[in-house]
Amino acid sequence: MSDAAPQPAQAPVAEQIPTVDPLVYQLVLQATYLPILLGGGHLEVHGREHVPPAGTPLILAANHRHGLDPFVLARGVPAATGRRVQFMAKRELFVPGLGAVLRRGGTFPVDREGQDVGSVRTALRVLGAGGTLGIFPEGTRSGGQMHGGVALLALKGRAPVVPAGIWHEGPRWVLRLGEPLLPSLGAKALLAELEREITRLSQPFGQTWA
């Protein structure tokens, strides 16, 4: 029989919110804009006024057709708002080196093969801290049916959803941001309206660069 005093039960380790290193975030945005610049391109952003200042939860939801789409979406958020977009990214990207850069930029992994409850909880913690979550509701670059997870996150995180459309042809890249959709619409109506708005915003738009 031991004479050692019983040890108090340890409190569970607090779940951490993915943080953003501002320097890494800006470096990544600059580096990923180089392919567009070197191709003689330019990014037009319309609807910047629809992104509210930092401090409240917000979801940005866009179509996804190109590997640069996350960086285009993040770059389109006005710096004056103080917002930095955090993304879920497939866990296969989190290899040594690249994974560290992604994490320092605020990105966190998701297992796309099943129901990844952990990534959902992480996303809700980001929103709970007044953060900005970037989501591609179609799931993959091949497009397809809109996934309902974005509506679930909006409702549980009490976060408005700003729909976004990304379109490009040759050197021309266009990002259009729509008016925020409120979670009070309810999951079904929110998802339907979001799909309509993303489809509308991602259509070829005008001929004049902003």
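How each quantity is defined
- Residues numbered from 1 in each chain as written.
- Predicted model: local features only at pLDDT ≥ 70, side-chain atom pairs only at ≥ 80, totals over all residues.
- Heavy atoms only, no water.
- Helix = DSSP H or I, 4+ residues; strand = E, 2+ residues; numbered from the N terminus.
- Buried < 20%, exposed > 50% of the residue type's maximum accessible area, 1.4 Å probe, protein only.
- Contact = heavy atoms within 4.5 Å.
- Areas by Shrake-Rupley, 256 points an atom, 1.4 Å probe, with all protein chains shown as cover.
- Phe/Tyr/Trp six-rings, centres within 6.5 Å; stacked < 30°, edge-to-face > 60°.
- Lys NZ or Arg CZ within 6 Å of the ring centre and 35° of its normal.
- Axes fitted to C-alpha atoms, helices over the stretch in contact; angles between N-to-C directions.
- Left-handed = near helix turned anticlockwise from the far one by under 90°.
- Nonpolar A, V, L, I, M, F, W, Y, C, P; charged D, E, K, R; others polar.
- Patch = residues over 30% accessible without salt bridge, like charges linked within 9 Å, V, L, I, M, F, W, Y side chains within 5 Å.
- Salt bridge = Lys/Arg side-chain N within 4 Å of Asp/Glu carboxyl O.

(A) Region of interest: the overall build of the protein chain. When helices and strands are tallied, the protein chain shows six helices and seven strands. Element order for the protein chain, N to C, with α for helix and β for strand: α-β-β-α-β-α-β-α-β-α-β-β-α. Among the 210 residues that make up the protein chain, the fraction classed as buried is 43%. Long-range contacts, defined as pairs at least 24 residues apart, comprise 72% of the intrachain contacts of the protein chain with a sequence gap of at least 6. Just so you have it, the protein chain exposes about 11,700 Å², and 57% of that area is on carbon and sulfur atoms.

(B) Here's a closer look at the packing of aromatic side chains. Under the criterion given, the structure shown has one aromatic pair. An angle of 5 degrees between the planes, with centres 6.0 Å apart, marks the rings of Phe87 and Phe136 as stacked. Placement of the pair is Phe87 in strand β3 (residues 85–90) and Phe136 in the loop between β5 (132–135) and α5 (149–157), with a sequence separation of 49 residues. When its relative accessible area of 13% is taken as the criterion, Phe136 is described as buried. Over the aromatic face of Tyr33 sits the side chain of Arg75, whose NZ or CZ is 3.8 Å from the ring centroid.

(C) Up close: the packing of helix α1 (residues 22–38) against helix α2 (residues 69–76). Between α1 and α2, the least distance of the axes is 10 Å, while the angle of their chain directions is 120 degrees. Crossing hand, α1 versus α2: left-handed. Seen from α1, the contacting residues are Tyr25, Val28, Leu29, Gln30, Thr32, Tyr33 and Ile36; seen from α2, they are Phe71, Val72, Ala74 and Arg75. For the contact of α1 with α2, the residue count by class is eight nonpolar, two polar and one charged.

(D) Layout of a nonpolar patch on the surface. A surface patch of nonpolar side chains, amounting to about 280 Å² of accessible area, comprises Leu93, Val95, Leu98 and Val101. By the secondary structure assignment, Val101 is in helix α3 (residues 98–104). A relative accessible area of 38% means that Val101 is categorised as partly exposed.

(E) Quick look at the pattern of salt bridges. Counted according to the given criterion, the structure contains six salt bridges. For Asp111, the salt bridge identified is with Arg91, shortest N-O distance 3.6 Å. With Asp111 in the loop between β4 (108–110) and α4 (117–128) and Arg91 in the loop between β3 and α3, the pair connects residues that are 20 residues apart, well separated along the chain. For Arg91, a relative accessible area of 47% translates into the label partly exposed.

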